[in-house]
Amino acid sequence: MAVDRLKVLLPLPLPRPYDYLLPEALSGLVAVGDFVVVPLGPREVIGVVWDESASDTPGSDTPGEKLKPIRRRLEAPPLPEISRRFIDWVARYTVSSPGSVLKMAMSVPAALEPPASATAWKAEPPSPTFRLTEPRQRVLALADGVTPLSAAALARQAEVSPMVVRGLVEAGVLLPVSTLASAIASLPRPDPEHPGPLLSLPQRQAADASVASVGNGFAVMVLDGVTGSGKTEVYFEAIAAALRQERQVLVLLPEIALSAQWLGRFETRFGAPPVVWHSDLGAAGRRDTWRAVASGEARVVVGARSALFLPYPNLGLLVVDEEHDGAFKQEEGVIYHARDMAVVRAQLGKIPILLASATPSLETVVNVQAGRYQSLALPNRHAGAVLPEISAVDLRQDSPPRGFWLSPPLVQALEETFAAGEQALLFLNRRGYAPLTLCRACGFRLRCNRCSAWLVEHRGRNRLICHHCGFDRVLPSRCPECLVEDRFTACGPGIERIAEEALHRFPQIRMAVTASDTLTGPRAAAAFVQKVTEREIDLLVGTQIVAKGYHFPMLTLVGVVDADLGLEGGDPRATERTYQLLSQVAGRAGRAERRGRVLLQTYQPEHPVMEALMSGDRDAFLTREAESRRLLSMPPYGRLAAVIISGDEESATDDFCRKLSRLAPHGPGITVLGPAPAALALLRGRHRRRFLVKTERSVNLQAVVRQWLGELSARGGLRVQVDIDPYGFL
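Attention in this report is confined to the structure presented alongside it. Just so it is clear, the model here is predicted, and its values are computed rather than measured.

**What about the overall build of the chain?**
Then, in step 1: Looking only at helices and strands, the chain features 19 helices and 31 strands.
Then, in step 2: Over its C-alpha atoms the chain spans a radius of gyration of 28 Å, differing by no more than 12% from the 27 Å that the globule rule assigns to 730 residues.
Then, in step 3: Across the 730 residues that make up the chain, the buried fraction comes to 51%.
Then, in step 4: The long-range fraction of contacts in the chain, counting pairs at least 24 apart against all pairs at least 6 apart in sequence, stands at 75%.

**A word on the packing of aromatic side chains**
Then, in step 1: By the definition in use, this model includes 16 aromatic pairs.
Then, in step 2: Taking 5.7 Å as the distance between ring centres and 90° as the angle between the ring planes, the aromatic pair formed by Phe236 and Phe266 counts as edge-to-face. Taken together, the residues span a long stretch of sequence, with Phe236 in helix α7 (residues 231-244) and Phe266 in helix α8 (residues 260-270) at a distance of 30 residues.
Then, in step 3: By relative accessible area, which is 0% here, Phe266 ends up buried.
Then, in step 4: Centroid distance Phe691 to Trp708: 5.3 Å. Interplanar angle 90°. Geometry classified as edge-to-face. Here Phe691 is found in strand β30 (residues 686-696), whereas its partner Trp708 is found in helix α19 (residues 701-709), with 17 residues between them in sequence.
Then, in step 5: The structure contains a cluster of three or more aromatic residues connected by ring pairs, namely Tyr235, Phe236, Trp262, Phe266 and Phe270.
Then, in step 6: Geometry around Phe270 places Arg269 over its ring, the cationic atom sitting 4.7 Å from the centre.
Then, in step 7: In this structure, Arg573 packs its charged tip against the face of Tyr727, placed 3.8 Å from the ring centre.

**Topic: α19**
Then, in step 1: Taken as a whole, α19 has its buried residues at Leu701, Gln702, Val704, Val705, Trp708 and Leu709. Buried residues in α19, looked at end-on, bunch into an arc of 160°, giving them a common side.
Then, in step 2: Tucked inside the fold, the buried residues of α19 contact α1 (81-94), β28 (638-647), α18 (650-662), β29 (670-683), β30 and β31 (719-724).

**Some remarks on α7**
Then, in step 1: Between its first and last C-alpha atoms α7 spans 21 Å; for 14 residues at 1.5 Å apiece the expected length is 20 Å, and the two agree.
Then, in step 2: The buried count for α7 comes to 13 of 14 residues, which makes it a mostly enclosed element.

**Observations concerning the sheet that holds strand β18 (residues 423-427)**
Then, in step 1: An order of β17-β27-β26-β18-β25-β24 is seen for the 6 strands of this open sheet, with the pairing classed as parallel. Each having just a single partner strand, β17 (389-394) and β24 (511-514) make up the two edges of the open sheet. Adjacent strand axes in the sheet meet at a mean angle of 15°, parallel and antiparallel pairs treated alike.
Then, in step 2: Both β18 and strand β26 (residues 555-560) contribute to a ladder of 5 bridges, which runs parallel. The residue of β26 that forms the bridge with Leu425 is Val558.
Then, in step 3: Helix-sheet contacts for helix α12 (residues 408-419) involve β17, β18, β25 (539-542), β26 and β27 (597-602), and the interaxial angle to β27 is about 160°.
Then, in step 4: On the sheet, helix α15 (residues 574-586) packs against β17, β18, β26 and β27 and is oriented at approximately 165° with respect to β18.

Calculation rules
- Residues numbered from 1 in each chain as written.
- Predicted model: local features only at pLDDT ≥ 70, side-chain atom pairs only at ≥ 80, totals over all residues.
- Heavy atoms only, no water.
- Helix = DSSP H or I, 4+ residues; strand = E, 2+ residues; numbered from the N terminus.
- Rg over C-alpha atoms; globule rule 2.2 N^0.38 Å.
- Buried < 20%, exposed > 50% of the residue type's maximum accessible area, 1.4 Å probe, protein only.
- Contact = heavy atoms within 4.5 Å.
- Phe/Tyr/Trp six-rings, centres within 6.5 Å; stacked < 30°, edge-to-face > 60°.
- Lys NZ or Arg CZ within 6 Å of the ring centre and 35° of its normal.
- Arc of directions from axis to C-beta.
- Expected span 1.5 Å × (residues − 1).
- Pairing = 2+ DSSP bridges.
- Axes fitted to C-alpha atoms, helices over the stretch in contact; angles between N-to-C directions.

Here it is, written out as structure tokens:
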């Protein structure tokens, strides 16, 4: 007989938890936070027992006799109370359903089932006659620890051959014990006392401040240091402090799959690798990592933005490296900015958070100026290295020859660099060979069948590819419009075309082309880093993926092929983003004893971004940027929300938008713009329209949007997405 009712939140886009009955057989065995199996229609789903007092969780008026009972409780670590509060907060802020946010925290269903058992080994006191060699003693010392280890882990950590362990087993000195199978359990733990490098005085001062914050409540510290100033070694000291307090640590990186150098530096500093969370992990790795985090076994986790939603029971420190990076913005599903949500997670957990960047976002700078965040400055490069000399190549005066893209000054600089035995980087933030292919006979442009986008030629793969939906095709022999054969031509350069030109000019050089579609995971990134470090590559040609924290001592020249790319397009953050990106890529030059130089090819050398880069006066640039935003009441001085309506049928989408427009909110400090076709009006076969809600900071933007959208339901395949604080306008 059922004796009680419980609220269960399901990982589905539902507005609230559902009520279920607690069977008498489970009475006293189920608590808030537990994972349970419940019926939902004809199927069973896994949910979480939710707090009765949680906001937006109203009581149910469903009669008890109509409620269904919980089927069973899963033997998994419960979802921590802090995680449940965080899920509710994120749902409210992003105007999403709590279940949709819960789905991100329950991203590994297999981790909720009991793990398989495995055999580990514990030491048994040997007889006095047993010969204890030094390798055997090392194995037995490990096997006498608190955590039983597998045979492979004993051999690896003791640095002995498997035969040594096997001999101890056969002698009865190692006895088997059953333990839960986990590859993570056998890994050595990061050691906070492992010796680290000698820090400079500014590094030590910043490290001392960050260390002092660990264990002393919520604080936001901005590690503001020029490229190459040693920010990573500073926050490693804070990580060590958290480890000494037996707390967990989360480090968010914008491109975890490409963090080979960072992982190597971490292992050098702490004597063991961190636990890694990213999309390239296999099913077993994701399952083990999720459970290791939930049990507290994973001490340091480094991951992409989704790692923020793992169920940490004992989180003591958060670090967001390259906090300005746009990759922290999630654009699909629940739309959120991981940096901002990380600050909230730290506040809810009463723990410190470090935001590290050479080019902090304007939002972060304004928070520092307002006294909400503390700034820890590192104004100089580490170990005597100096910042590169940055100059502009005015393409109005020094234009490349017809059909080429590298100007004479840049070509000369490349010649000098290669002659000196140094390395160079050519940067263009555009993948493929050419961004546009058109017919010279009639002007027809090849575009995606499913998106409002041109197809990008990838000559190495002999394909035309849409970078938004993945549609691809071969280049047709004749134009579909005028039927003339062999008249298609590539317009504009991508990195493949720049590489082709570089190889034409310097046929003897060793070159690597680096983009998100060539460096496809940690192994490929590690191999790339090794080749560059060992000087097997003379020239890198790459996109923004090479601007993210790499340290190559012999790379002394950076040539930016199109510094103006990204300055246009109506995005209020366009100039800030361009400045950040070019600053970061410029920072790859001259990071050791040899001074670097950077050449910016531009048609606008007088543009504030170019002037700021050449003068090195970042603060003046940010002051000017802040003033222009303030005059327009744009973030961070005003608030924005994008509402994106999409549907399979264009007419139905437009009709819904017209109805929604008539219901648009009005009032002091509220402006609604649109509907207007999105920049990508057709994406993956769906027609898209955008509203932009602009409010003063004093207005509760989420309440305005929630009430507005609650007045009209989207049906018939229509979809409504809300993007609070939009960072992109496609």
